Amino acid sequence: TILGAFLETAIHEFLYLRSLYPHDAFSQSRHLQIAVHACRHPEVVDYIFNNLKIAVPSIVGGFVDALYLVFFDEADGVVYERYGFEFDLIEAITTRDGDGSILATSQKEDIAYKVEEIERGLRDVLLSIISLDGTELGRRRGEKNFTDTTTFKICIHTKEIDNNETSQVSSEEKN
């Protein structure tokens, strides 16, 4: 899916920008006509893919409203950084008229326009992530701010349920 491919690309790009793994563990590829990086380590690739295989349908189904990429120290559990992707898919796929009221979006032209609009938005977010390279947040000439026990995990935040509780699901971390 468009969303799944975007999230997979964004997570790999954050791993590259934050230098969690050596620079040579990544290969260059393209997504949405943008040069990006992808980790080549099979366990990392599988971890990201398997987590998104569960998370993306849950996001599209409206059960999950956020996905987080968390960098933390495996030894003591200290969280160093957390990057979040928040979703409001109803808003993303709804067409509104001039006064803000919702219009039907079942026509093929409307759906095609929304897909293009979503792709443009995801492309802009990806460009924003890539533009962090060389900044305080980015790699800054390969400097590594993490310890040898730093790892990452992908977490999802589910929407509120009937009794106003929320839950956060964290998959097993990947080193």
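Owing to the predicted nature of the structure, the values given are computational and were not obtained by experimental measurement. (Residues numbered from 1 in each chain as written. Predicted model: local features only at pLDDT ≥ 70, side-chain atom pairs only at ≥ 80, totals over all residues. Heavy atoms only, no water.)

Here the focus is helix α1 (residues 2–17). Here α1 contains 16 residues, and its C-alpha end-to-end distance of 22 Å stays within 8% of the 22 Å for a straight helix at 1.5 Å per residue. Just downstream of α1, serine 19 is the residue with a positive phi angle, here 55 degrees. (Helix = DSSP H or I, 4+ residues; strand = E, 2+ residues; numbered from the N terminus. Expected span 1.5 Å × (residues − 1).)

Summed over the entire model, instances satisfying the criterion amount to 8 aromatic pairs. With 4.3 Å between their ring centres and 25 degrees between their planes, phenylalanine 14 and tyrosine 83 make a pair best called stacked. Of this pair, phenylalanine 14 sits in helix α1 while tyrosine 83 sits in strand β4 (residues 79–86); the two residues are 69 residues apart in sequence, bridging distant segments of the chain. As far as the burial class goes, phenylalanine 14 and tyrosine 83 line up, both buried. Here tyrosine 47 and phenylalanine 152 contribute two aromatic rings whose centre-to-centre distance is 5.3 Å and whose plane-to-plane angle is 85 degrees, an arrangement assigned as edge-to-face. Note that tyrosine 47 is positioned in helix α2 (residues 42–60) and phenylalanine 152 in strand β7 (residues 150–158), a separation of 105 residues in sequence. (Phe/Tyr/Trp six-rings, centres within 6.5 Å; stacked < 30°, edge-to-face > 60°. Buried < 20%, exposed > 50% of the residue type's maximum accessible area, 1.4 Å probe, protein only.)

Moving on, we come to the environment of glutamate 8. Structurally, glutamate 8 is set in helix α1. Apart from the residues within four sequence positions on either side, glutamate 8 is in contact with Ile48, Phe49 and Leu52. (Contact = heavy atoms within 4.5 Å.)

Right, let's talk about the pattern of salt bridges for a bit. Enumeration over the complete set of coordinates arrives at 1 salt bridge. Its salt-bridge partner being glutamate 81, residue arginine 18 comes within 2.6 Å of it at the nearest N-O pair. With arginine 18 in the loop between α1 and β1 (26–31) and glutamate 81 in strand β4, this residue pair connects regions lying 63 residues apart in the sequence. The class for glutamate 81 is buried, based on a relative accessible area of 17%. (Salt bridge = Lys/Arg side-chain N within 4 Å of Asp/Glu carboxyl O.)

All right, on to the packing of α1 against α2 then. α2 packs onto α1 with a crossing angle of 140 degrees between their chain directions and a minimal axis gap of 9 Å. It follows that α1 is oblique to α2 by the angle criterion. Like other packed secondary-structure pairs, α1 and α2 cross with a definite hand, here right-handed. Note on element contacts: α2 touches α1 through Val44, Val45, Ile48, Phe49, Leu52, Val56, Ile59 and Val60, opposite Leu3, Gly4, Leu7, Glu8, Ile11, His12 and Leu15. Residue classes in the contact of α1 with α2 are distributed as 12 nonpolar, 2 polar and 1 charged. (Axes fitted to C-alpha atoms, helices over the stretch in contact; angles between N-to-C directions. Parallel < 35°, antiparallel > 145°, perpendicular 65-115°, else oblique. Left-handed = near helix turned anticlockwise from the far one by under 90°. Nonpolar A, V, L, I, M, F, W, Y, C, P; charged D, E, K, R; others polar.)

On to the nonpolar core, then. Ranked by size, the top nonpolar core spans 38 residues in total, and within it Leu7, Leu15, Tyr21, Ile48, Leu67, Phe85 and Phe152 carry the most contacts. Every element with two or more residues in this core is listed here: α1, β2 (34–39), α2, β3 (64–73), β4, α4 (108–130) and β7. With 9 residues, the top contributor of residues to this core is α1. If you look at the next biggest cluster of nonpolar residues, it comprises 5 residues, including Ala66, Tyr68, Val70 and Phe72. (Core = buried A, V, L, I, M, F, W, Y, C linked by side-chain atoms within 4.5 Å.)

As far as function goes, none of this settles anything; it's purely spatial.
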